[in-house]
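# Close look at the chain arrangement
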Amino acid sequence: PGSGKQRDPETVLLELLPRNAGQALREMYNLCLDGLDNDSQMKAFLEQAEEHTITICGLPFKKLDKRNEKSFLASRKHELKSRLEKSKSPTHVLELTIMLLYQSIKSQCVAGSLLTGPVLSLLLKERKITEPVGEVLQQLASKLEENEPPGALLVESVRRCGLCKDIAKHAVS
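Scope of this entry: the structure provided in the associated data block.

Before going further, it helps to examine the nonpolar core. If you look at the biggest cluster of nonpolar residues, it comprises 28 residues, and the most contacted ones within it are Leu94, Ile98, Leu123, Ile129, Leu137, Val158 and Ile167. Listing elements by their share of this core, those giving two or more residues are helix 4 (66-86), helix 5 (90-106), helix 6 (115-124), helix 7 (131-145) and helix 8 (152-163). Beyond its immediate sequence surroundings of up to four residues, leucine 137 is in contact with Leu94, Thr97, Leu101, Leu120, Leu124 and Val158.

Shown next as structure tokens:
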């Protein structure tokens, strides 16, 4: 600094950042410098970014192996079911049911403001969701969207859908 002489970016990265972060960024810099003209270089860059970038930003990140992923999903399912059993709010009953059904069918987690819109629409296209189940989910979503009070029977019917073991075999009552 101040000498006007341009310094080597790799050296600067290693000097300014903590050891692991500087090294990871230096490797990414070299990958970019070499060019990302072929698939193997691009794959190497993406692997490097995935492995180091999130932790460089201070966010803990770890890829889950199949066993840990399965354990995480089971734990999440248990927690969602517990919350669904206790929930008094029709909105929460619908959202928790959508999260449980989506996870049960797709083995993926969903959450957020899009549950009763696009996520519900995707869920209703699944073969495992029977027409009667789809209808009660849509009925509750429509009532909530129109700010109409849903009946207790409708809310309980949706809750039972979320708590059932196998949605493909669940009969709506």
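On to helix 7, then. Between its first and last C-alpha, helix 7 extends 21 Å over 15 residues, near the 21 Å set by a 1.5 Å rise per residue. All buried positions along helix 7 are accounted for by Val133, Gly134, Val136, Leu137, Leu140 and Ala141. Down the axis of helix 7, the buried set is contained in an arc of 165°. They therefore lie on one face. Where helix 7 is buried, its residues contact helix 5, helix 6 and helix 8.

Reading the values: rules and limits
- Residues numbered from 1 in each chain as written.
- Predicted model: local features only at pLDDT ≥ 70, side-chain atom pairs only at ≥ 80, totals over all residues.
- Heavy atoms only, no water.
- Core = buried A, V, L, I, M, F, W, Y, C linked by side-chain atoms within 4.5 Å.
- Buried < 20%, exposed > 50% of the residue type's maximum accessible area, 1.4 Å probe, protein only.
- Helix = DSSP H or I, 4+ residues; strand = E, 2+ residues; numbered from the N terminus.
- Contact = heavy atoms within 4.5 Å.
- Expected span 1.5 Å × (residues − 1).
- Arc of directions from axis to C-beta.

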